[in-house]
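Overview (structure and organization)
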Amino acid sequence: MPAYSTNMRLKFPILALILEIITIALFGIFVVYDDGKGHDAHHDPDHATNSSETSPMDLYPMFQDVHVMIFIGFGFLMTFLKKYGFSSVGINLLLAAFGLQWGLLMQGLWHMDKGKIKMDILKMINADFSTATVLISFGAVLGKTSPVQLLIMTILEITIFSINEHLVVSILGANDVGASMIIHAFGAYFGLAVARVLYRPGLRSGHENDGSVYHSDMFAMIGTVFLWMFWPSFNSAIADRGATQLTAVINTYVSLAACVLSAYAVSSLVEHRGKLDMVHIQNATLAGGVAVGTCADMQIQPFGAMLIGLVAGIISTLGFKHLSPILSSNLGIQDTCGVHNLHGMPGVLGGLAGIVAVAMGKAKGSAAMQAAALASSLGFALIGGAITGLIMKLPIWGQPPDQNCFDDSLYWEVPEEEGEHDGSLAAAENSKNKTEA
Amino acid sequence: MPAYSTNMRLKFPILALILEIITIALFGIFVVYDDGKGHDAHHDPDHATNSSETSPMDLYPMFQDVHVMIFIGFGFLMTFLKKYGFSSVGINLLLAAFGLQWGLLMQGLWHMDKGKIKMDILKMINADFSTATVLISFGAVLGKTSPVQLLIMTILEITIFSINEHLVVSILGANDVGASMIIHAFGAYFGLAVARVLYRPGLRSGHENDGSVYHSDMFAMIGTVFLWMFWPSFNSAIADRGATQLTAVINTYVSLAACVLSAYAVSSLVEHRGKLDMVHIQNATLAGGVAVGTCADMQIQPFGAMLIGLVAGIISTLGFKHLSPILSSNLGIQDTCGVHNLHGMPGVLGGLAGIVAVAMGKAKGSAAMQAAALASSLGFALIGGAITGLIMKLPIWGQPPDQNCFDDSLYWEVPEEEGEHDGSLAAAENSKNKTEA
Amino acid sequence: MPAYSTNMRLKFPILALILEIITIALFGIFVVYDDGKGHDAHHDPDHATNSSETSPMDLYPMFQDVHVMIFIGFGFLMTFLKKYGFSSVGINLLLAAFGLQWGLLMQGLWHMDKGKIKMDILKMINADFSTATVLISFGAVLGKTSPVQLLIMTILEITIFSINEHLVVSILGANDVGASMIIHAFGAYFGLAVARVLYRPGLRSGHENDGSVYHSDMFAMIGTVFLWMFWPSFNSAIADRGATQLTAVINTYVSLAACVLSAYAVSSLVEHRGKLDMVHIQNATLAGGVAVGTCADMQIQPFGAMLIGLVAGIISTLGFKHLSPILSSNLGIQDTCGVHNLHGMPGVLGGLAGIVAVAMGKAKGSAAMQAAALASSLGFALIGGAITGLIMKLPIWGQPPDQNCFDDSLYWEVPEEEGEHDGSLAAAENSKNKTEA
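What counts, and where the lines are drawn
One numbering rule holds for all chains: residues counted from 1, following each sequence as written. As a convention, the first chain written is A and the first ligand written is 1, with the rest following in written order. For a predicted model such as this one, the threshold for reporting local features is a pLDDT of at least 70, and the threshold for listing and counting side-chain atom pairs is 80 or more; totals across whole chains, interfaces and linings nevertheless cover every residue. Only hydrogens and water are set aside when side-chain values are computed; all heavy atoms of the structure are taken into account. UniProt positions are given in the numbering used here, feature names are shortened, and annotations may be inferred rather than shown by experiment. Runs of E in the DSSP output that reach at least two residues are strands. Runs of H or I that reach at least four are helices, and both are numbered from the N terminus. Put simply, the radius of gyration uses C-alpha atoms, and a globule should come to 2.2 Å times the residue count raised to 0.38. By definition in these notes, contact holds between two residues if any of their heavy atoms fall within 4.5 Å. All accessible-area figures derive from a Shrake-Rupley calculation using a 1.4 Å probe, and residue coverage is judged against the displayed protein chains alone. In summary, the charge assignment counts Lys and Arg as positive and Asp and Glu as negative, without counting His or the chain termini. Positions of charges follow a simple convention, taking NZ of Lys, CZ of Arg, CG of Asp or CD of Glu. Residues reaching a pLDDT of at least 70 in both copies supply the C-alpha atoms on which the copies are superposed by least squares. Buried area is calculated as the accessible area (1.4 Å probe) missing from two parts once they are joined, with the contributions of both summed. Here a polar contact means two N or O atoms within 3.5 Å. Within protein one must be a hydrogen donor candidate and the other an acceptor candidate, and residues neighboring in sequence count only if both atoms are side-chain atoms. By the convention adopted, Pro, Cys, Tyr, Trp, Phe, Met, Ile, Leu, Val and Ala count as nonpolar, Lys, Arg, Asp and Glu as charged, and the other residues, Gly among them, as polar. One requirement defines pairing of two strands: DSSP has to find at least two bridges between them. Take the residue count of a helix, subtract one, and multiply by 1.5 Å to get its expected span. Salt bridges, as used here, are contacts in which a Lys or Arg side-chain nitrogen is within 4 Å of a carboxyl oxygen on Asp or Glu. Interaxial angles span 0 to 180 degrees and are taken between N-to-C directions of axes, which are lines fitted to C-alpha atoms, for helices over the stretch in contact. Every angle not falling under 35 degrees, over 145, or within 65 to 115 is termed oblique; those three ranges are roughly parallel, roughly antiparallel and roughly perpendicular. Left-handed describes a crossing whose near helix is turned anticlockwise from the far helix by less than a right angle; the clockwise case is right-handed. Working definition: with a 1.4 Å probe on protein chains only, accessible area under 20% of the residue-type maximum means buried, over 50% means exposed, and in between means partly exposed. When the centres of two rings from Phe, Tyr and Trp lie within 6.5 Å, Trp using its six-membered ring, the rings pair. Their planes under 30 degrees apart give stacked, over 60 give edge-to-face, and anything left gives tilted. Criterion for a charge above a ring: Lys NZ or Arg CZ within 6 Å of the ring centre, and within 35 degrees of the ring normal. Criterion for a disulfide: a pair of cysteine sulfur atoms at a distance within 2.5 Å.

Going by an unreviewed UniProt entry, chain A carries the name Ammonium transporter Rh type A and comes from Fundulus heteroclitus. According to the UniProt record, the Subcellular location (unreviewed entry) comment for chain A reads "Cell membrane". Looking at the Sequence similarities (unreviewed entry) heading of the UniProt record, one finds this comment for chain A: "Belongs to the ammonium transporter (TC 2.A.49) family. Rh subfamily."

Shown next, in the form of structure tokens:
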């Protein structure tokens, strides 16, 4: 069966090319350059920009920071698996490159101007954002899905995300500048729902390739550190310009710094002989960025942001240590990267912090609408993810068999590893291929 | 013979120091800080800037993006070879660091103000650009040339590039904002001409070190992804500010996104069992950035840019698969990194697209001048590269013998690899060296 | 003894959490968002900003460049050790995350406005700067200290740094825009003093893990190249806006470029058969950024900056080759990363260049005050470092025994390396742990 079903030769190229051609056609019909006239620059129509003389390139450095998070950050964060680095960074690139095009269309449909989507830097940032949901969900099913399945997930998840985002931001009028709810919680619970539907009993007792080696953990740290550094840009990119944007930067910067201390402390506390665990360091240090997202542009003061980061680092690390094994063994949710701990719980924490902060008057808005936004995000995620999972489960998309999970060689031409039977036939053949290529 | 000829002990340090001292002297004579008076900010004198109140640091974030492409992007992209990572990223740093100084002088000579080259951020961007031609050509001869040969290539190629650039931009008045012709096609065909002259029959049937291992392919992806992300900055850095620059960013962003899909699709289509090939992913995903360069600031609309990217991804991948082996076996052009597929053909495609776009009225200018610019770039590249190759072929520059090609240890002190006879004398000695150092 | 003393289980988490909670409390008392009223934007009150209409986010791209230098640059530069990559990048993250919070408080105390520290991007840049001193000193003692010792060093060093910085900048009124003296020389000699106090006779003849392997040297180059690229931001971030900032960028850009040539030339000159040594390339290429720091915003002209870079590259490389072994064997200063060669001597060179430049009228100020600033920085560093070293030497902080130095496995859960007894019990256990986690 695997000999047939995992062969990508026809199904992957045909799907990818058809999707791209349809997308180009839709761009031809709907997408034009922004002409600088009449665009409402921000998510939330209630907040006017306080800068009357913006240039169309003002947000470009912010966009590039977000771009780095999407492609280097998410891509390398997932390279921790010992034999799955090509897929992690490579399929991350594929999904994000397609997702940003699809996201631009799906988000743009709600904000058309005379039947056209007017493309500018803000729309590019939002397009990149929409792909983040997919990359989070990708983390939950990493190593257990084919590129075809993942392209299908990309289309469906971004479409559903765009509906929920429109509901939360434009209909409910809720605050979520750093997207704790609409990206992080949404992406995590969507992915967990997919993972639940795709549950593999054969992997209940683990898989020899579902782990890291020394160098793969180092590559993953490239992802972690770039995410960590640029998270202030993620949380402030679509904030109102000027002082509000500065507030979002400051809150995120100090929340992340506090989160590092608590993640390291708890990692050492729960591990044998007080040793640090790379899984915690790679992930839980980022939870402060997730959790402060909703409140990032609110007047919670730096120490408020730090408290949120401190708590996020604690619950994220404890989640990796104690909750993930339970989800896996008791609920059948096999969450490869632990996105529940990095994006799920901290995202919900961020949503709850937003409710409290609005109730305390730290920002305009309604606590009830904040709560509705959180509920909507979770609801769309769980139901959308379950439906998407069912579609992905159809046995025609080349899903890998259990024994080939977490292994690049199913979908990639993989060269030999150094030291491994040097000078063997395989090595010689590989060299030859590369030379010819 | 190799015992003598590849010894860099005198020839490399003397050449490097003399070049640097001459360069400093020339800077002392010609280069001063820009005083903000009377500089014409853009390549093309026909286009006035539409922002009357620019600050001298406005372009700095763009400059830094380009800087990352030159030093991380090109440097790590070439680390895919299993035993040539030190040279790839290290010699890349050397050539680019010297090249930007030389480029600043060579380009500045055409734009002197009272006998002085007035240095500003735009000139730094153009200096970085000029090094890109050398780094592209470096890719063609990677693993088969000595640092001394490469420094000589740097001087000659940047000098010739500056002449062609002046001709294309100032005399012909052609459009090439993203430099499909004057950098990418030029650098590729220059390098291919050098590679042809330096043809090594002994490598006709390949070389055991001319290939990747798993981790070297991962390092190369760092280069790929940084190039991919920051390419919009490359193509828009010297565009007219404001809306035109935004257009260049958008066109490049969507062209690259479309290119990813077609590169992945075709890679899967042409490989055994539909598997993806890392060589294609590392390179062909970038062809969309090259090919949209000339048209980047034109009103080709997003879908037009996407079509260019789609086609570029296809021809680049097919080139790696089918054309490179022919160039190598039939024409004696051994193109280590396949720059013909990443920069050569997509660069020509970009030039042709520019001719068509100008003919269709998408930008001011003349289709004939665009065609002349493409012809000039190819002509200077092929003739300049051939002459440069002949000079590099002189047997006094320490060129590596065939058996030592693609191996850092000829020009670098190389530590043992992990797992490889741990605790051996070599390992102990290395540790000791490092400690002493 | 090691069984007890290196166990971090209680001492590390308790210290980290207590420090963070105290820090949050101090933030609660002292730190608020900047409201844009009445802040003096620059270090030096004599220099007024020449831009009357700055936005609070103007410096944000500069901040992000500096941020990348601190977390990626320093973090990966130190990953050259074969078995110490987790600690290098991981403990770097820990120390910098705590240090920036502590630095913000310590530096802010000198500039309070109605009893409050008003946080803005400039203060964030300075907070990041303050951590650089710690990360430089970390390099001197890398591999030989516990996380607890290093947290203690962070608190003390940043506190002492803030005193010296206030003295140099506000009392003496000296110029040090790129911080050759107050960060680089200070951090290096502080670290060397600590290393002297912590002298380990047992490591006199080296340690088998105190060296690199091929891939660890590649990871270190990520750090080198990011530091190299963004150094112009480091040296110009707090310069007066406009033309002065441009001057600082240009001087640093050309100094670094010249430094690469001299570092490569001298490396080849002093090594066997003219080979390049990765230790030199990773470090000495950056000395030009350090040495031009004090003069970066002065009218020394590009060729003056290049001369400084040229000399810095030479003395740094020679220091690695000839001085470090003497410091180690004769003076008992075991400087793991050679910070004396990268930050110490080039920092002093920068201070001396500043004295000369001010004496020659290249900037406002007094040569005597410049000399006093250099002396103050060295004095605070040596005395502060010695005292800090004595406190770190108390046998209660879990310092590693000699045989466990330079080895992550003392403080980290370390996965097996690839190729190393694959399928062994250790590997299986590791996979299982990761799965559960």
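On we go from here.
1. Examining the overall build of chain A
Scanning chain A for helices and strands turns up 15 helices and 4 strands. Taken against the 2.2 N^0.38 rule, which gives 22 Å for 437 residues, the C-alpha radius of gyration of chain A at 21 Å falls within 12% of a compact globule. Taken along the three principal axes of its C-alpha coordinates, chain A extends 65 × 60 × 40 Å. Here the contacts in chain A between residues at least 6 apart in sequence split such that 83% fall between residues at least 24 apart. As presented, chain A carries roughly 12800 Å² of accessible surface, and 65% of it is formed by carbon and sulfur atoms. Across chain A, the 22 positively charged side chains and the 34 negatively charged ones have centroids separated by 5 Å.

2. Thoughts on the relation of the copies chain B and chain A
Superposing chain B onto chain A requires a rotation of 120° together with a translation of 0.0 Å along the rotation axis, leaving an RMSD of 0.0 Å. Here the symmetry operator amounts to a three-fold rotation axis. Measuring from the rotation axis to each C-alpha of chain B, the shortest distance belongs to P61 of chain B, at 3.8 Å. Of the residues that chain B buries at the interface, just 12% are likewise interface residues in chain A, meaning the two copies contact each other through different surfaces.

3. Points about the interface of chain B and chain C
Many descriptions give the size of an interface as the accessible area lost when the pieces come together. Between chain B and chain C, the residue contacts involve 73 residues of the former and 71 residues of the latter. With both chains or domains summed, chain B and chain C bury close to 6400 Å², and 70% of this area falls on carbon and sulfur atoms. Where chain B touches chain C, the interface holds 15 residue pairs in polar contact (both at pLDDT 80 or more). It is helix α4 (residues 85–108) of chain B that contributes the most residues to the side of chain B that touches chain C, 11 residues altogether. Considered class by class, the residues forming the side of chain B that touches chain C number 43 nonpolar, 16 polar and 14 charged. Bridge analysis of strand β4 (residues 412–413) of chain B against strand β3 (residues 276–277) of chain C gives 2 bridges, and the strand direction is parallel. When the bridges of β3 of chain C are listed, E413 of chain B appears paired with D277 of chain C.

4. Re helix α12 (residues 301–331) of chain A
Its 31 residues place the ends of α12 of chain A only 39 Å apart at the C-alpha level, less than the 45 Å of an ideal helix rising 1.5 Å per residue. At the exit of α12 of chain A stands G332 of chain A, carrying a positive phi of roughly 70°.

5. Re the interface of chain B and chain A
Tallying the contact residues gives 72 residues for chain B and 74 residues for chain A. Across the chain B-chain A interface, the total number found is 0 salt bridges. For the pair chain B and chain A, the number of links is 15 residue pairs in polar contact (both at pLDDT 80 or more). For the side of chain B that touches chain A, the element with the most residues is helix α9 (residues 243–270) of chain B, which contributes 19 residues. Split into classes, the residues belonging to the side of chain B that touches chain A amount to 41 nonpolar, 19 polar and 12 charged.

6. Some points on the relation of the copies chain B and chain C
The transformation that overlays chain B on chain C combines an axial shift of 0.0 Å with a rotation of 120°, and the residual RMSD is 0.0 Å. Residue by residue, only 11% of the interface of chain B is reproduced at the interface of chain C, so the copies engage with different surfaces.

7. Looking at the packing of helix α3 (residues 60–77) of chain A against helix α8 (residues 214–236) of chain B
Contact pair α3 of chain A / α8 of chain B: the axes reach a minimum separation of 10 Å and the direction vectors enclose 160°. One finds that α3 of chain A runs roughly antiparallel with respect to α8 of chain B. Here α3 of chain A runs over α8 of chain B; the crossing is right-handed. Across the interface between the two elements, Y60, Q64, H67, V68, F71, I72 and F76 of chain A of α3 of chain A pack against M218, M221, I222, V225, F226, W228, M229, F230, P232 and S233 of chain B of α8 of chain B.

8. Comments concerning the packing of helix α8 (residues 214–236) of chain C against helix α9 (residues 243–270) of chain C
Residues and elements named next belong to chain C. Between α8 and α9, the shortest axis-to-axis distance is 8 Å and the interhelical angle comes to 145°. By crossing handedness, the relation of α8 to α9 is classed as right-handed. Contacts from W228, W231, P232, N235 and S236 of α8 reach α9 at Q245, A248, V249, T252, Y253, L256, A257 and V260. Residue composition of the contact of α8 with α9, by class: 9 nonpolar, 4 polar and no charged.

9. As for unusual backbone geometry
Residue and element names in this part refer to chain B. One non-glycine residue, A179, lies in positive phi territory at about 65°. Judged by relative accessible area, which is 3%, A179 ranks as buried. We note that Q301 has phi near 65°; this positive angle belongs to a residue other than glycine. Within the fold, Q301 resides in helix α12 (residues 301–331).

10. Topic: the packing of aromatic side chains
By the definition in use, this model includes 42 aromatic pairs over all chains. Arranged with centres 4.5 Å apart and planes meeting at 15°, the rings of Y214 of chain A and F86 of chain C form a pair that is stacked. Highlighted residues: Y214 of chain A in helix α8 (residues 214–236) and F86 of chain C in helix α4 (residues 85–108), drawn from two different chains. The two residues Y214 of chain A and F86 of chain C agree in class, both being buried. Clustering of aromatic rings is evident, with ring pairs tying together F76 and F219 of chain A, F76 and F219 of chain B together with F76 and F219 of chain C. When the ring centre of Y199 of chain A is taken as reference, the NZ or CZ atom of R196 of chain A above it lies at 5.5 Å.

11. Structural notes on the UniProt feature "domain: Ammonium transporter AmtB-like" (unreviewed entry) in chain A
The UniProt record marks residues 59–409 of chain A with the feature "domain: Ammonium transporter AmtB-like" (unreviewed entry), using the residue numbering of this structure. For residues 59–409 of chain A, helix accounts for 71% and strand for 1%, while the C-alpha atoms at its two ends are 40 Å apart.

12. Observations concerning the pattern of salt bridges
Any two side chains of opposite charge can pair if their charged atoms end up close together. Under the defined criterion, the tally for this structure stands at 15 salt bridges over all chains. With a shortest N-O distance of 3.7 Å, R241 of chain A and D58 of chain A are connected by a salt bridge. Here R241 of chain A, found in the loop between α8 and α9 (243–270), pairs with D58 of chain A, found in the loop between β1 (31–33) and α3; they are 183 residues apart in sequence, far enough to count as distant. Overall, R241 of chain A belongs to the buried group, its relative accessible area being 14%. On the basis of relative accessibility, which here comes to 42%, the residue D58 of chain A falls in the partly exposed class. As a salt-bridge pair, K118 of chain B and D113 of chain B come within 3.3 Å of each other at their nearest N and O atoms.

13. Observations concerning the state of the cysteines
Put plainly, two cysteines are in a disulfide when a covalent bond ties their sulfur atoms together. All names here are of chain A. Applying the stated criterion across every chain yields a total of 0 disulfides over all chains. You can see C405 has no disulfide; the closest cysteine sulfur is in C337, sitting 13 Å from it. Overall, C405 belongs to the buried group, its relative accessible area being 0%.

14. Comments concerning the side chain of D120 of chain A
Residues and elements named next belong to chain A. Note on placement: D120 falls in the loop between β2 (117–119) and α5 (121–141). Buried within the structure, D120 lacks any salt-bridge partner; K123 is the closest side chain of opposite charge, at an N-O distance of 4.6 Å. There is a polar contact of 3.3 Å between the side chain of D120 and the backbone nitrogen of L122.

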